[in-house]
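What the coordinates show
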Amino acid sequence: VVSADRLSDWDTLARSEDGDSSSSMLSGKLISEVRDFLRIAMLSCPLRIVEPIYDCSLQCEQTQIGNLYAVLTKRRGTVYKEEIIEGTMLFLLSAYLPVSES
């Protein structure tokens, strides 16, 4: 993270020197700081670029649908379709669930 101290250093550097040398020093420092920031940001993220996902069809009673949603949310699942099975008290849910969380 770029701190306020570093930003003030850039302003001081830009004001203290005249000519092309100050702009080249400022741009060199800026490029270095941006490179460091991007490196830290990439390392702080999970290393998965593409994540395998299960396409699940889940069936539960009406009384348990809240519990099912709680489990799916805890495991980073997303429900994309919800239907009631005619003539029963059962719900049919279609959801995406990451393989690593299943």
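Here goes a summary of the coordinates provided. Just so it is clear, the model here is predicted, and its values are computed rather than measured.

1. Considerations on the pattern of salt bridges
Across all of its chains, the model carries 4 salt bridges by this definition. In this structure, Arg35 engages Asp36 in a salt bridge whose closest nitrogen and oxygen atoms are separated by 3.9 Å. Take Asp36: its relative accessible area is 31%, and that puts it in the partly exposed class. For the salt bridge of Arg76 with Glu51, the shortest nitrogen-to-oxygen distance reads 2.6 Å. Here Glu51 lies in the loop between α2 (20-44) and β1 (53-61) and Arg76 lies in the loop between α3 (65-74) and β2 (78-84), a separation of 25 residues in the sequence. Judged by its relative accessible area of 42%, Arg76 is partly exposed.

2. Observations concerning the packing of aromatic side chains
Evaluation of the coordinates by the stated rule reveals 1 aromatic pair. A centroid spacing of 4.4 Å and a plane angle of 20° characterise the contact between Tyr80 and Tyr96, whose relative ring orientation is stacked. Here Tyr80 is found in strand β2, whereas its partner Tyr96 is found in strand β3 (residues 90-98), with 16 residues between them in sequence.

3. Topic: the sheet that holds β2
In a beta sheet, neighbouring strands are held together by backbone hydrogen bonds and run either parallel or antiparallel to one another. Taken in spatial order, the 3 strands line up as β1-β3-β2 in an open sheet, and their pairing is antiparallel. Each end of this open sheet is capped by a strand with a single partner; those strands are β1 and β2. Between one strand and the next, the sheet's axes are offset by a mean angle of 20°, whatever the strand orientation. Of the pairings in the sheet, the one linking β1 to β3 comprises 9 bridges and is antiparallel in character. Opposite Ile53, over in β3, you have Pro98 as the bridge partner.

Quick notes on the rules
Residues numbered from 1 in each chain as written. Predicted model: local features only at pLDDT ≥ 70, side-chain atom pairs only at ≥ 80, totals over all residues. Heavy atoms only, no water. Salt bridge = Lys/Arg side-chain N within 4 Å of Asp/Glu carboxyl O. Buried < 20%, exposed > 50% of the residue type's maximum accessible area, 1.4 Å probe, protein only. Helix = DSSP H or I, 4+ residues; strand = E, 2+ residues; numbered from the N terminus. Phe/Tyr/Trp six-rings, centres within 6.5 Å; stacked < 30°, edge-to-face > 60°. Pairing = 2+ DSSP bridges. Axes fitted to C-alpha atoms, helices over the stretch in contact; angles between N-to-C directions.

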